[in-house]
Amino acid sequence: MDYTAKLDDALNRLHEEGRYRTFIDIERKKGQFPHATWRKPDGSETPITVWCGNDYLGMGQHPVVLEAMHEAIDATGAGSGGTRNISGTTVYHKRLEAELADLHGKEAALLFTSAYIANDATLSTLPKLFPGLIIYSDELNHASMIEGVRRNGGAKRIFKHNDLDDLRAKLEADDPAAPKLIAFESIYSMDGDFGPIEAICDLADEFGALTYIDEVHAVGMYGPRGAGVAERDRLMHRIDIINGTLAKAYGVMGGYIAASAKMCDAVRSYAPGFIFTTSLPPAVAAGAAASVRHLKTDQELRDRHQTQAKILKTRLKGMGLPIIDHGSHIVPVIVGDPVHTKQLSDMLLEGYGIYVQPINFPTVPRGTERLRFTPSPVHGPDEMDRLVRAMDELWSHCALNRAELAG
Ligand SMILES: Cc1ncc(COP(=O)(O)O)c(C=O)c1O
């Protein structure tokens, strides 16, 4: 077998479909985010503004977080030195889990190295705990949930995105006595639309199913203490397992589930993705705990974040740009073609120092290729002006369609 030729084939397929991903190498500077430096392949440097990060609130440079991380690293060193079971459980991990259980009003929380692993490890383990479990999974669930459901060996039903009739039909078609779990997200990160949490909880009650929600794009940002959309809508107590990340609005790294003490104990005891891997560095746990604690009370930051998103959406809509607006903090501008999307992204970066990564298939369906902007409280009015002007110029330059403006 010519292994190199096979690798060439695989990579060429991506090039041909316009799906080959190139990384933009950036250097963030503490205190200056969203400003950063782009290190180009030729070795030169350009100042840029990051408009596509998931450090939604700028907590990745918040003094409270950095102080906690410095203190922990000075006190304890770099890595945890072990799996949770073998010398890798520290006071920092325990404190963070307590902080997260309190955040979500649950008896317990369980830390993972990322929310990807938390989803994958938990969903792939649940059929071991509930033999015969059927998982009902929204078709637009994140890859980490899809993976967990796919390889768990149990039964799965994929329901149409946010379609309660389809979910109901699938629940009705199965044995009423079978254990069931409905897995969905509170905010779908590519369109920024919300899952129908209350209606799903009602269906779960009716059919005796457990509920599993991914609040990765909501924790820190929604709800009076930042616990997510289920908190905002007073539905947290109706969700059996809440998944969240510490890497986006909390600005650090790591993922978790929050649930009953028994559920966490069982996942802790059975999930290979929890058991057989080194725990997070203590300083990471310390920084994340400080961030979670801080955002339990910093409503002003949450408000500024939402205001920024509203301003950007209003301004882009005002120019007739085709944006998707479901009332969340995510601002997708649909270009509808992978080549144009990449061109626009390249021109924004090279001509204006504005960094927004093109989002193509398979992350989004073909024909809905887009630029996904993530305005934050640390983007100032000048940055916003520059972005809006650049989009206006490039939209005209590329002769892309604008919506008819009323009036
Ligand atoms: C919906 C959703 N769930 C889970 C994850 C994984 O989160 P993490 O970056 O902590 O692994 C992501 C990451 O983008 C996501 O969008």
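What counts and how
- Residues numbered from 1 in each chain as written.
- Predicted model: local features only at pLDDT ≥ 70, side-chain atom pairs only at ≥ 80, totals over all residues.
- Heavy atoms only, no water.
- Domains from an automatic or database assignment.
- Contact = heavy atoms within 4.5 Å.
- Buried area = accessible area lost by both parts, 1.4 Å probe.
- Salt bridge = Lys/Arg side-chain N within 4 Å of Asp/Glu carboxyl O.
- Polar contact = N/O pair within 3.5 Å; in protein donor to acceptor, adjacent residues only side chain to side chain.
- Helix = DSSP H or I, 4+ residues; strand = E, 2+ residues; numbered from the N terminus.
- Nonpolar A, V, L, I, M, F, W, Y, C, P; charged D, E, K, R; others polar.
- Buried < 20%, exposed > 50% of the residue type's maximum accessible area, 1.4 Å probe, protein only.

Draft legend 1. Quick peek at the domain arrangement of the protein chain. Here the protein chain is described as being made up of domain 1 (13–56 + 299–405) and domain 2 (62–296). One C-alpha centre belongs to domain 1, the other to domain 2, and the line joining them spans 28 Å. Taken residue by residue, the interface counts 21 residues in domain 1 and 21 residues in domain 2. By the criterion of area lost to domain 2, the three top residues of domain 1 are Tyr56, Arg302 and His326, representing 34% of everything that side buries. Across the contact surface, domain 1 and domain 2 share one salt bridge. Our enumeration of links across domain 1 and domain 2 arrives at eleven residue pairs in polar contact (both at pLDDT 80 or more). Elements represented by at least two residues in the side of domain 1 that touches domain 2 include exactly α12 (299–318) and β16 (370–373). The dominant element in the side of domain 1 that touches domain 2, judged by the number of residues it contributes, is α12, at five residues. Classifying every residue of the side of domain 1 that touches domain 2 gives seven nonpolar, nine polar and five charged.

Draft legend 2. Quick peek at the pattern of salt bridges. For the coordinates displayed, the defined rule picks out 25 salt bridges. A salt bridge links Arg238 to Asp205; the shortest N-O distance between them is 2.8 Å. Linking Arg238 in the loop between α8 (229–232) and β11 (241–245) with Asp205 in helix α7 (residues 197–207), this pair joins segments that are 33 residues apart in sequence. Residue Asp205 is classed as exposed on the basis of its relative accessible area of 55%. Taken together, the shared-partner salt bridges in this structure form one network comprising Glu99, Asp102, Arg225, Arg293 and Lys296.

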